[in-house]
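Analysis of the macromolecular model
Each chain, letter by letter, is given below.
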Amino acid sequence: MQCIAFDSHKHYTWALAQDETGRVLGERRIDHTPGALCGFLSEFEPGSPVAVETIGNWYWITDEIEAAGMTPRLVNARRAKLMSGSINKTDRLDAQGINRLQRSGTLPTVWIPPKPVRDARELPRTRMVLVRQRTKLKNRIHANLAKYGLEVEDATDIFGVRGRRALAERLEEMPTQTQYATQALLEQVDQLSVRINDLEGRMEDVFGATKELELVRTLPGVGFILGVVILSEVGDVQRFPSASHLASYAGMTPRVHASGGHTRLGRTRPDVNHYLKWAYAEAANVDMVHRRRHPGRHVSCLYERVKRQRGHPKAIGAVGRHLAEATYWVLRNLEPYRDPATDRAPGESTRVA
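Our subject in this report is the structure included herewith. (Residues numbered from 1 in each chain as written. Predicted model: local features only at pLDDT ≥ 70, side-chain atom pairs only at ≥ 80, totals over all residues. Heavy atoms only, no water.)

Our focus in this paragraph is the overall build of the protein. Of regular secondary structure, the protein possesses 13 helices and 8 strands. Here the C-alpha radius of gyration of the protein, 26 Å, is well above what a compact globule of 353 residues would show, namely 20 Å. Based on the C-alpha atoms only, the size of the protein along its principal axes is roughly 75 × 70 × 50 Å. Counting across all 353 residues of the protein, residues that qualify as buried make up 41%. Long-range pairs, those at least 24 residues apart, make up 57% of the contacts in the protein between residues at least 6 apart in sequence. On the protein, roughly 19800 Å² of surface is accessible, and the fraction owed to carbon and sulfur atoms is 50%. Between the mean site of the 51 positive side-chain charges and the mean site of the 41 negative ones, the protein shows a separation of 7 Å. (Helix = DSSP H or I, 4+ residues; strand = E, 2+ residues; numbered from the N terminus. Rg over C-alpha atoms; globule rule 2.2 N^0.38 Å. Buried < 20%, exposed > 50% of the residue type's maximum accessible area, 1.4 Å probe, protein only. Contact = heavy atoms within 4.5 Å. Areas by Shrake-Rupley, 256 points an atom, 1.4 Å probe, with all protein chains shown as cover. Lys, Arg positive; Asp, Glu negative; His and termini not counted. Charge placed at Lys NZ, Arg CZ, Asp CG, Glu CD.)

Another point: the packing of helix H12 (residues 298-310) against helix H13 (residues 312-333). Close contact between H12 and H13 brings their axes to 7 Å; oriented N to C, the two are set at 145°. Seen from above, H12 lies across H13 with right-handed handedness. Here His-298, Val-299, Leu-302, Tyr-303, Val-306, Lys-307 and Arg-310 of H12 come into contact with H13, specifically with His-312, Lys-314, Ala-315, Ile-316, Ala-318, Val-319, His-322 and Leu-323. Residue composition of the contact of H12 with H13, by class: 9 nonpolar, 3 polar and 3 charged. (Axes fitted to C-alpha atoms, helices over the stretch in contact; angles between N-to-C directions. Left-handed = near helix turned anticlockwise from the far one by under 90°. Nonpolar A, V, L, I, M, F, W, Y, C, P; charged D, E, K, R; others polar.)

Our focus in this paragraph is H12. End to end, H12 covers 18 Å across 13 residues, agreeing with the expected 18 Å (1.5 Å per residue, within 8%). When H12 is considered as a whole, its buried residues turn out to be Val-299, Ser-300, Leu-302, Tyr-303 and Val-306. Viewed along the axis of H12, the buried residues span an arc of 160°, placing them on a single side of the element. Away from its buried face by more than 90 degrees, H12 exposes Arg-308 and Gln-309. On its buried face, H12 sits against helix H11 (274-289) and H13. (Expected span 1.5 Å × (residues − 1). Arc of directions from axis to C-beta.)

So, about the nonpolar core. In summary, soluble globular proteins display a tendency toward joint burial of nonpolar side chains. Grouped together as the largest cluster of nonpolar side chains are 63 residues, with contacts concentrated most on Ile-230, Val-234 and Tyr-280. Per-element tally for this core: the top contributor is H13, with 9 residues. Core analysis: the second largest hydrophobic core is formed by 17 residues, Ala-17, Ala-36, Phe-40 and Trp-58 among them. (Core = buried A, V, L, I, M, F, W, Y, C linked by side-chain atoms within 4.5 Å.)

Looking at where Ser-248 falls in the secondary structure, it is placed in helix H10 (residues 243-249). Classification of Ser-248 by relative accessible area gives buried; the value is 19%. Aside from chain neighbours lying at most four places away, what touches Ser-248 is Thr-253, Arg-269 and Val-272.

So, about the state of the cysteines. Here the structure, examined in full by the defined rule, presents 0 disulfides. Distance from the sulfur of Cys-3, which forms no disulfide, to the nearest cysteine sulfur (Cys-38) is 19 Å. Its relative accessible area of 1% is what places Cys-3 among the buried residues. (Disulfide = S-S within 2.5 Å.)

On to the pattern of salt bridges, then. Across all of its chains, the model carries 16 salt bridges by this definition. Salt-bridge contacts for Glu-27 lead to Arg-92; the nearest nitrogen and oxygen are separated by 3.0 Å. Of this pair, Glu-27 sits in strand S3 (residues 24-31) while Arg-92 sits in helix H4 (residues 91-104), and the two are 65 residues apart along the sequence. According to the relative accessible area criterion, Arg-92 is partly exposed, its value standing at 42%. Between Glu-173 and Arg-170 there is a salt bridge, with the nearest N and O atoms lying 3.4 Å from each other. Sharing partners across several salt bridges, the network here consists of Arg-78, Arg-269 and Asp-271. (Salt bridge = Lys/Arg side-chain N within 4 Å of Asp/Glu carboxyl O.)

The subject of this paragraph is the pairing of strand S2 (residues 12-18). The element S2 is largely enclosed, with a buried count of 7 among its 7 residues. Residues Tyr-12, Trp-14, Leu-16 and Gln-18 line one face of S2 and the alternating positions Thr-13, Ala-15 and Ala-17 line the opposite face, and both faces are buried. Here strand S1 (residues 3-8) runs beside S2; their pairing, made up of 6 bridges, is antiparallel. Within the sheet, the bridge partner assigned to Ile-4 lies in S2 and is Ala-17. In the sheet, S2 pairs with S3 via 7 bridges, with the strands oriented antiparallel. Considered in S3, the bridge of Ala-17 is made with Gly-26. From the end of S2 to the start of S3, which pair antiparallel, there are 5 residues, and Gly-22 there has a positive phi angle of about 95°. (Pairing = 2+ DSSP bridges.)

Another aspect to go through is the packing of aromatic side chains. On inspection of all chains with the given rule, the structure shows 5 aromatic pairs. Between Phe-6 and Phe-40, the ring centres sit 6.4 Å apart and the planes meet at 50°, which makes this aromatic pair tilted. Of this pair, Phe-6 sits in strand S1 while Phe-40 sits in helix H1 (residues 36-41); the two residues are 34 residues apart in sequence, bridging distant segments of the chain. With a centroid separation of 4.6 Å and an interplanar angle of 75°, the aromatic rings of Trp-58 and Tyr-59 are classed as edge-to-face. Residue Tyr-59 is classed as partly exposed on the basis of its relative accessible area of 27%. (Phe/Tyr/Trp six-rings, centres within 6.5 Å; stacked < 30°, edge-to-face > 60°.)

See below:
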């Protein structure tokens, strides 16, 4: 077996090829020019595994590896560094460490999403970026109003139709340059809203007709936007051995410190899928807001119970974990969510014997 390791950077890759004994078959720096990686890989056996770390430009590198007839292996960079145990760091040492883990069969790899999944993910991810930018601009406008003690009392949302009319009156009371700056912020908010609406329309075209999305939307608190994020980020649910593995991947499980008969649960790990973590936290907050309208739901009872014991943040985490684990079973069994408290799917009426 031939093992190949890529220590890739923005402009070049350090490539190392070895056989099963560790003998070097080829090693050199490859500049990122069209076809350069394929040219290097053509010197070795087709189908050989090629390991590359999870860096910002791994998409096109794995595409080049597949085009060369090799098998790409995407490496968890953080875990690989810990397992290699290297004190010094150079491109050559990093590639040697990756290949050492490959030959021993202990290389920590992660799932490589298919090209269509990687492409479709850009729609919800870009929407999230634009929504954050719009929120920052709105907060800036609120700050400008607060600086001069101006309040918009006629509307709960100053960026709605009614609120914008009242906001226009408050703008007249601002100093000249602040008024000009605030008006510029409002124009940016409007432009971002147009782009966000365009993205949401395209997301409906791409994701709207799938059975999996309809099933994910049966989860409490999950609508179209959150459903698209969950579906695109989870990908193939069969890659998870269990529901708890999916919850851990989504950042919904705490760290465990157990020693000497004492167990302490800590904060969640940082190396998780932050898009999924956000989606489940948002869905849990939706369930929290509407818990009094649905007091019999499992998520409502779970939130209230954990909140009494450990507070709001822990309760949101508990509900988010339940939703993550429920996602696993919904997608694996291709069945709608069934509430554990009532054993009914959404919209299903109570059976009368």
